[in-house]
Amino acid sequence: MSELHKFLFDGLPVRGAIVRLTDAWQEILQRRAVNTSTGPYPLPVQEMLGEMTAAGVLMQSNIKFNGALVFQISGDGPVKLAVTEVLTNLSVRSTVTMIGDLPADATLTDMVNVHGKGRCAITLDPKDKQPGQQPYQGVVPLVDVDGQPLESMAAILQQYMRQSEQLDTVLVLAANDKVAAGLIVQRMPIKGEANLAAGAQNTEEVDQIGLNEEYNRIAHLAASLTRDELLNLDVETILHRLFWEEKLLRFVPEDGEGGPHFACTCSRERVGNMLRSLGQEESDSILEEQGMIEVGCEFCGQQYRFDAVDVAHLFTERGNDPPASSLMQ
């Protein structure tokens, strides 16, 4: 079961979270794998998208925001666009649009930043927009301050947090075909009303990027977590190994229906309604030409198939939902 664990370091301006996506991540991969038009994601793309998916859940869980967090990598390589969307209830879906083939050892730069023009964008799209309100979006390049390519998803997001959000952040991300996981540790502002050092003197220096020694110490511990440990160890073991000398304040884990879970807006009912809008004549024409009407969700890859019997039901029983079919994948 997918799970999210959030925690604070008692008395310190530091917060953290660990996410382990199992069933949610496997559903994302399975829908794409059984799609007869696309087939499964290549292994390098699978790893990249898994890391994005875990990171998206971590970022959404750390903000008080009612809406969708959309994390995008747009590339100038074979991977043109990778997207993860996470809603307030931690429902998540992810997709990749790519052109051509990739070698099994393709790096992040090979996939999305061949000519240095790749971009990372994070959009916050409110659920209930006020009149004239636009989504907030931050965009950073996939290169460091010296113009050198950033070689990991964690490095990209750490740069985004520093540049766009002014937050010291360390991330460890990993994914395989079973698990997509991530650890985030962030420095929280200590000055300002209701923050940890509200009313204290001389907080300016320790509130600057890179200058808080307490955060730097904990960030160093967090960065020591390896990919294999993140993928294979349970959360309790990870937290004990990293922070056994620290006093952690743990929140109730979020899992099951209240935790991270897969959800896409596509459905057989929506596809059926789309076919109704085409009309019976057009639908019958497609059936005659192809023997089957097949519609795939462009986001998650789920395929919906309608045979002649299914289509007949659509136009003879308009008040009913499209019937379940043994041909649905």
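Residues numbered from 1 in each chain as written. Predicted model: local features only at pLDDT ≥ 70, side-chain atom pairs only at ≥ 80, totals over all residues. Heavy atoms only, no water.

A. Representation of the sheet that holds strand 3 (residues 67–74) in the model. Pairing is mixed across the open sheet formed by six strands, whose spatial order is 7-6-3-4-5-12. Each edge of the open sheet is held by one strand with a lone partner, namely strand 7 (136–141) and strand 12 (261–262). For strand 3 and strand 6 (residues 119–126), the ladder comprises eight bridges, and the chain directions are antiparallel. Within strand 6, the residue paired with A68 across the bridge is D125. Lying on the sheet, helix 2 (residues 43–61) is in contact with strand 3, strand 4 (79–86), strand 5 (91–98) and strand 6; it crosses strand 4 at an angle near 35°. In the packing of helix 4 (residues 153–164) onto the sheet, contacts are made with strand 3, strand 6 and strand 7, and the angle to strand 7 comes to roughly 120°. (Pairing = 2+ DSSP bridges. Helix = DSSP H or I, 4+ residues; strand = E, 2+ residues; numbered from the N terminus. Contact = heavy atoms within 4.5 Å. Axes fitted to C-alpha atoms, helices over the stretch in contact; angles between N-to-C directions.)

B. Inspection of the nonpolar core at higher detail. In terms of nonpolar packing, the biggest core is built from 70 residues, with M48, F71, I73, M111, M153, L157 and L173 touching the most fellow members. Residues contacting M48, with those up to four places away along its chain left out, are V79, A82, V96, L108, M111, V112 and M153. Counting residues in each nonpolar core, the second largest holds 25 residues, with V170, V172, V179 and I238 among its members. (Core = buried A, V, L, I, M, F, W, Y, C linked by side-chain atoms within 4.5 Å. Buried < 20%, exposed > 50% of the residue type's maximum accessible area, 1.4 Å probe, protein only.)

C. Examining the pairing of strand 3 more closely. Counting buried positions along strand 3 gives six out of eight residues, so the element sits mostly inside the fold. In this structure, the hairpin formed by strand 3 and strand 4 is closed by a connection of four residues.

D. Local environment of the packing of helix 9 (residues 280–290) against helix 10 (residues 308–316). Direction vectors running N to C along helix 9 and helix 10 enclose 180°, while the axes themselves pass 11 Å from each other. Accordingly, the angle class assigned to the pair helix 9 and helix 10 is roughly antiparallel. Listed contacts from helix 10 to Q280, S283, D284 and L287 of helix 9 are A308, V311 and F315. Taken together, the residues that form the contact of helix 9 with helix 10 break down as four nonpolar, two polar and one charged. (Parallel < 35°, antiparallel > 145°, perpendicular 65-115°, else oblique. Nonpolar A, V, L, I, M, F, W, Y, C, P; charged D, E, K, R; others polar.)

E. Summary view of the packing of aromatic side chains. A full pass over the atoms with the stated rule returns three aromatic pairs. Here the aromatic rings of F7 and F243 are separated by 6.2 Å at their centres, their planes lie at 50°, and the arrangement is tilted. Within this pair, whereas F7 is found in strand 1 (residues 3–9), its partner F243 is found in helix 7 (residues 235–243), the two being separated by 236 residues in sequence. Each of the two residues, F7 as well as F243, counts as buried. On the numbers, 5.0 Å between centres and 90° between planes, the contact of F9 with F243 is edge-to-face. Taken together, the residues F9 in strand 1 and F243 in helix 7 connect sequence positions 234 residues apart. (Phe/Tyr/Trp six-rings, centres within 6.5 Å; stacked < 30°, edge-to-face > 60°.)

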